[in-house]
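# Examining the three-dimensional arrangement
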Amino acid sequence: SLFSLSFLKDCTWQVKNDFAFFFFFFQQNNAIKTYKYNAFSFLPMNLFEQFKRAANFYFLILLILQAIPQISTLAWYTTLFPLLVVLGITAMKDLVDDVVRISRATVSSLFKVTKWKEIQVGDIIRLKKNDFIPADILLLSSSEPNSLCYVETAELDGETNLKFKMALEITHQYLQRENALTTFDGFIECEEPNNRLDKFTGTLFWRNTSFPLDADKILLRGCVIRNTDFCHGMVIFAGADTKIMKNSGKTRFKRTKIDYLMNYMVYTIFVVLILVSAGLAIGHAYWEAQIGNNSWYLYDGEDYTPSYRGFLNFWGYIIILNTMVPISLYVSVEVIRLGQSYFINWDLTTTLNEQLGQIHYIFSDKTGTLTQNIMTFKKCCINGQIYGEWKPLLGPRECPVDFSWNMFADGKLAFYDHYLIEQIHSGKESEVRQFFFLLAVCHTVMVDRIDGQLNYQAASPDEGALVSAARNFGFAFLARTQNTITISELGTERTYDVLAILDFNSDRKRMSIIVRTPEGNIRLYCKGADTVIYERLHQMSPTKQETQDALDVSIFASETLRTLCLCYKEIEEKEYEEWNKKFMAASIASTNRDEALDKVYEEIEKDLILLGATAIEDKLQDGVPETISKLAKADIKIWVLTGDKKETAENIGFACELLTEDTTICYGEDINKILKLKFPRTEEERRMRTQSKRRLEARKEQRQKNFVDLACECSAVICCRVTPKQKAMVVDLVKRYKKAITLAIGDGANDVNMIKTAHIGVGISGQEGMQAVMSSDYSFAQFRYLQRLLLVHGRWSYIRMCKFLRYFFYKNFAFTLVHFWYSFFNGYSAQTAYEDWFITLYNVLYSSLPVLLMGLLDQDVSDKLSLRFPGLYVVGQRDLLFNYKKFFVSLVHGILTSMILFFIPLGAYLQTVGQDGEAPSDYQSFAVTIASALIITVNFQIGLDTSYWTFVNAFSIFGSIALYFGIMFDFHSAGIHVLFPSAFQFTGTASNALRQPYIWLTIILTVAVCLLPVVAIRFLSMTIWPSESDKIQKHRKRLKAEEQWKRRQVFRRGVSSRRSAYAFSHQRGYADLISSGRSIRKKRSPLDAIIADGTWLRNILMISNGDKIVLKTLQCKKNTHTKKNSNVIAKPNAPQWTLFQQLLPSCDVNEIWENCKTASKSPIKIN
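Here is what the cut-offs are and how they apply
- Residues numbered from 1 in each chain as written.
- Predicted model: local features only at pLDDT ≥ 70, side-chain atom pairs only at ≥ 80, totals over all residues.
- Heavy atoms only, no water.
- UniProt positions renumbered as here; feature names shortened; annotations may be inferred.
- Helix = DSSP H or I, 4+ residues; strand = E, 2+ residues; numbered from the N terminus.
- Contact = heavy atoms within 4.5 Å.
- Polar contact = N/O pair within 3.5 Å; in protein donor to acceptor, adjacent residues only side chain to side chain.
- Pairing = 2+ DSSP bridges.
- Axes fitted to C-alpha atoms, helices over the stretch in contact; angles between N-to-C directions.
- Salt bridge = Lys/Arg side-chain N within 4 Å of Asp/Glu carboxyl O.
- Buried < 20%, exposed > 50% of the residue type's maximum accessible area, 1.4 Å probe, protein only.
- Parallel < 35°, antiparallel > 145°, perpendicular 65-115°, else oblique.
- Left-handed = near helix turned anticlockwise from the far one by under 90°.
- pLDDT = per-residue confidence, 0-100.
- Core = buried A, V, L, I, M, F, W, Y, C linked by side-chain atoms within 4.5 Å.
- Arc of directions from axis to C-beta.

To continue, consider the UniProt feature "active site" (unreviewed entry) in the protein chain. Per the UniProt annotation, the sites labelled "active site" (unreviewed entry) are Asp365. Among the secondary structure elements, aspartate 365 is positioned in the loop between strand E15 (361-364) and strand E16 (371-382). Setting aside residues up to four positions removed in sequence, aspartate 365 forms contacts with Leu370, Leu641, Lys727, Ile745, Gly746, Asp747, Asp751 and Met754. A polar atom in the side chain of aspartate 365 sits 3.2 Å from the side chain of lysine 727.

Turning our eyes to something else, we now look at the sheet that holds strand E31 (residues 778-780). Spatially, E28-E27-E15-E29-E30-E31 is the arrangement adopted by the six strands of the open sheet, whose pairing is parallel. Of all strands in the sheet, those bounded by a partner on one side alone are strand E28 (716-719) and E31. Across this sheet, the average inter-strand angle for adjacent strands is 20°, counted without regard to direction. With four bridges joining them, strand E29 (residues 742-746) and strand E30 (residues 760-764) adopt parallel strand pairing. Across the sheet, residue alanine 744 finds its bridge partner in E30, namely glycine 761. Running over the sheet, helix H24 (residues 724-738) touches E15, strand E27 (637-641) and E29 and is turned about 175° from E15.

With that settled, consider the pattern of salt bridges. Counted under the stated rule, the structure contains 30 salt bridges. Notably, a salt bridge pairs lysine 257 with aspartate 879, separated by 2.6 Å at the nearest N-O pair. With lysine 257 in helix H9 (residues 257-290) and aspartate 879 in the loop between helix H31 (874-877) and helix H32 (884-909), this residue pair connects regions lying 622 residues apart in the sequence. Exposure remark for lysine 257: the relative accessible area of 30% places this residue in the partly exposed category. Owing to a relative accessible area of 18%, aspartate 879 belongs among the buried residues under this scheme. Of the charged contacts in the structure, one is a salt bridge between lysine 803 and aspartate 858, with a shortest N-O distance of 2.7 Å. Here lysine 803, found in helix H27 (residues 785-823), pairs with aspartate 858, found in the loop between helix H29 (849-857) and helix H30 (863-868); they are 55 residues apart in sequence, far enough to count as distant. When its relative accessible area of 14% is taken as the criterion, lysine 803 is described as buried. According to the relative accessible area criterion, aspartate 858 is buried, its value standing at 2%. Look at the salt bridges and you will find they share partners, linking Arg508, Arg510, Glu535, Arg536, Glu602 and Glu605 into a network.

Okay, the pairing of strand E22 (residues 492-502) next. When a strand is regular, its side chains alternate between the sheet's two faces. Where strand E21 (residues 484-489) lies against E22, six bridges are found, and the strand directions are antiparallel. Residue isoleucine 485 lies in a different strand from E22, and its bridge partner there is tyrosine 496. Between E21 and E22, which pair antiparallel and follow one another directly, the connecting turn spans two residues, one of which, leucine 490, has a positive phi of 55°. Judged from the five bridges that link them, E22 and strand E23 (residues 510-516) form a sheet pairing that is antiparallel.

Between helix H19 (residues 624-633) and H27, the shortest axis-to-axis distance is 9 Å and the interhelical angle comes to 25°. Classed by the angle they form, the pair H19 and H27 counts as roughly parallel. Helix-helix and strand crossings are classified by hand; for H19 and H27 the assignment is left-handed. For the pair H19 and H27, contact is made by Thr627, Lys630 and Leu631 and by Leu786, Gln787, Leu790 and Leu791, respectively.

This part is about the side chain of threonine 989. Topologically, threonine 989 is positioned in helix H36 (residues 989-993). You can call threonine 989 buried: its relative accessible area is 5%. For threonine 989, the side chain forms a polar contact with the side chain of glutamine 924, separated by 2.8 Å. Once residues within four sequence positions are removed from consideration, threonine 989 is found in contact with Gln924, Ser925, Val928 and His972.

Here E29 lies mainly inside the structure; five of its five residues are buried. A two-sided burial pattern is seen for E29, the buried positions comprising Thr742, Ala744 and Gly746 on one face and Leu743 and Ile745 on the other. As paired strands, E15 and E29 are joined by four bridges and run parallel to one another. Looking at the pairing, serine 364 lines up with isoleucine 745 of E29.

For the rest of this paragraph, the subject is the confidence of the model for the protein chain. On average, the protein chain scores 77 in pLDDT, and the residues at 70 or more come to 75%. Low pLDDT, under 50, characterises residues 22-26; the stretch is placed with nine contacts to residues that sit more than four places away or in other chains. Predicted confidence for residues 1047-1167 stays below pLDDT 50, and this span has 140 contacts to residues more than four positions away or in other chains.

A word on the nonpolar core. In this structure, Leu329, Phe804, Leu805, Phe809, Tyr834, Phe838 and Leu934 are the most contacted members of the largest nonpolar core, which totals 97 residues. Here the element with the most residues in this core is H27; it accounts for 18 residues. Ignoring anything within four residues of it in the chain, the contact list for leucine 329 reads Met262, Val266, Phe804, Leu805, Phe808 and Phe809. Residues Val401, Phe436, Tyr496 and Tyr568 belong to the second largest nonpolar core, which totals 49 residues.

This paragraph deals with helix H16 (residues 544-551). Taken together, the buried positions of H16 are occupied by Thr547, Ala550 and Leu551. One side of H16 carries all its buried residues, which in axial view fall inside an arc of 100°. Elements that come into contact with the buried residues of H16 comprise E16, strand E17 (385-387), helix H15 (530-534), strand E25 (561-571) and strand E26 (609-620).

Quick look at the sheet that holds strand E13 (residues 224-226) now. Each strand in a sheet pairs with its neighbour through backbone hydrogen bonds, running either in the same direction (parallel) or in the opposite one (antiparallel). On the basis of which strands lie adjacent, the open sheet formed by three strands has the order E8-E7-E13 and antiparallel pairing. The sheet is open, and its two borders are formed by strand E8 (162-166) and E13, each paired with just one other strand. When the angles between neighbouring strand axes are averaged without regard to direction, this sheet yields 45°. By the bridge criterion, three bridges tie strand E7 (residues 148-152) to E13 in an arrangement that is antiparallel.

Now for helix H2 (residues 42-51). Along H2, the residues classified as buried are Phe42, Asn46, Gln50 and Phe51. Buried residues of H2 fall within an arc of 140° about the axis and therefore sit on the same side.

What follows is the structure in structure tokens.
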């Protein structure tokens, strides 16, 4: 049902409900594959992906080489068994992850129920209430009046409020029945598939007439049908052509910094392995030439030259020393990450945990991430008068306005200015009623009734808060149709004709509605940003300056309130008729329709009369300032990226303590001067700039680098008015030029690009849907959980992974390099120093469990101390615990341990005789002695590396040693040799060797020489050069006692952890008082009761002197209250006494002064 025209035209996408048309010009179906495998492709594809890892492919080559008898001295199963275990565990993990991805969905069409993937472009489908929309479809009809359809777009744009779509009147009229839908032969010509969610341009050709199509008639994939029993639509875009898929962006495979470092170290080990094998092969060739050819008893029946024997031995040593490259390293890392992710209690990823301990920069959204995205109507300015401040003479501060007189009040609004209610009821100022009427009528909110109660669904939380406020103040929005809107005005229902809706967009920054009153008057109501409204006001519009003062930093903006200006205009009938003709022509324009409409809107939105401004509050989330403070102490820099205006973004910075009064702020214009950015202004400059693209790109990169260098020198960065794409670009700049580990956190669909771009993406499951959560690596409910994620779990994961890797490399070097020392005594013949089965099980059973448990459970300090001392976090940022230096330390440690493990038993076995008179110095007994000493040494070494001991750790260490001896005695028994004589050749070796005390003394000596230097070095290091965690561990008992004492002290003082909303203000005033907890109101007691109780009184002497206030406090006991400075008590009937008694508990100078000025215009003296 779809093809593209080859000639140039704005609308080149054509759709028709015709199967033959679809069959011949098919391009895209609706199938979206979210999984990687199917039943047939799983095994080959998974093995192919696993063998793309260098280590796995390396061991596959080794397995092939071990099958060649001339090369290998090691049994093939020693490599096969570990390789199968690694491949099997990884395959099971991949299979489980892929099963989770498979989603199955169905959709109800006209004649049958079908799966999403079977839908094709041009199909007519029926959707029911609460169905997800499977493709981008044109709405044809619905069960609602005028074929309205309500959709929730949370998965698309992050907004949980409902939006409405409306079908064309022609399709609404003729396409309600199924038989009419089956014969629908309309032809649609529209734009090509694109990622613009808010725009659509097309034309429907049907019944010899063309009808314009726009975004209001399109239902997009990913939305949900709400409050609509059913609807019908024609599929326009399907599958990967849908707008949501065009916006999905490229999903990047994220790997940690340690992953990259680990790969480089494995490559380094490869190089070392090749060099060592080559050196030993040369040694064997030399030995063969000097000794081997002259020793008749070494003749093997093959007349190979010494150089050829050396070549064969090169591959033999590659096989023997293969354990230098740890085959179980990758699978062990995956197991540890999986376990850590369960401890963290998030299961979106299992591969990035240790990277959480290395974050340098956090990029955060503002709305819904730092703030709650729950809007509350706080204040307003009407006709130059500010409402919303508490006025003591009109009611106590604890008592909000009583809305019980209003039958439509929802009971959720807490408003404390009783004077505004008096103004509404009195009707003395018509502007007050006009103000709330505008809020009730100028919007795109949807309404329905649930159990008799009004339920609003708004396009944004701001708009919902404003309409709900109007409802509570007596102007309730009740219902709407395509052409009318019904309002309850103080109990009286009135219906207005809606002549036009001039909708909001990001360029206009305003919306307007034109209505006709029941009396026949035409009026335009408009609300929008102050910058665009003030440009369109009438020259004689009153209260412009007073409203501007309210919007200024000193009142609304300083409290980070979100503001909108309200205005109106009377329109003559003739003026409207002329404008409406232009409006209708622009509405059906086939090209540049949006620009034409904007031009028409501009003609009518002028000479407006200002009514006032609204101020709604978006509170900070709990714990945001404390979290930012702790992260800053951990040397993590936080950048806030928001679409809000500069003033609001700046004030949020002060509210969350990202900025302080001592902060020097550089604004955008200042940065341009510092960076000396010059942008082309004239055509000549543009022509000069475009002459050399290479030079232009170089300058662009230099400007970007300069910007990043300057911004990274700042303690905090706030980017305002940024788009989703710009958010991702800022993150990418820091990644590119600073090579720093980044974390992005957001809650909306507009944060998805940023989350995908950063090394770590965190989604907040808040008010803006689940789009950010589904694209993130980790998710939780509030920003404050970030401090525990990073400072506790991230830091622990980093430390555990670093300890694991250092120990893993150490134990493999100690195990493998024994073969190297043994080569000097066996003619470099690639002979193994251990039993084959010991080589097979060493990494799988004998030494795996303790290191895995350390990687899962170890912690240097407790979680409480990790949060108390954020400075501990810097070790991960600086890569102090795992780097090339630490790697070579592990290499040297492994080399020394292997030397001790080989040479001490070698010296003990030389020229010795056992208690039975037999020499114990045979090869098999020697192999058992080295293996036993190795297992005890490496398991005790993990004990020395463990900081946090549990029963599980101790059991794993001693259990691994016991398991080794149990399996060894079993494998060396006669019974298993009888069953498998070629595989088990060390018959009786363990029982014969380990029954002699001399062997046990040798093992104990070897273990002691390996471990005692480590103990001594650790002791000296912690004593002379202790780290920060060492110091905290040393004093952890005292710190724990201090923490408990502080908790008791806080509880006894009764300090509340609840933050006041006024902490948004960074100006001198109430902020410090309220945020400190002293503003918490306690129940007032009469003055006589306070005196009778014998408590101390604070008498206040306040004298007015212009704008200056003098405060004097004296302490007096009840029996001395007749002193000169307490004569207020002797005059209980004075007018000032009532006011003083009312204000006594607050003891706030500014508050008392304001109340005194309110009570009397003349200066007041209170003794």
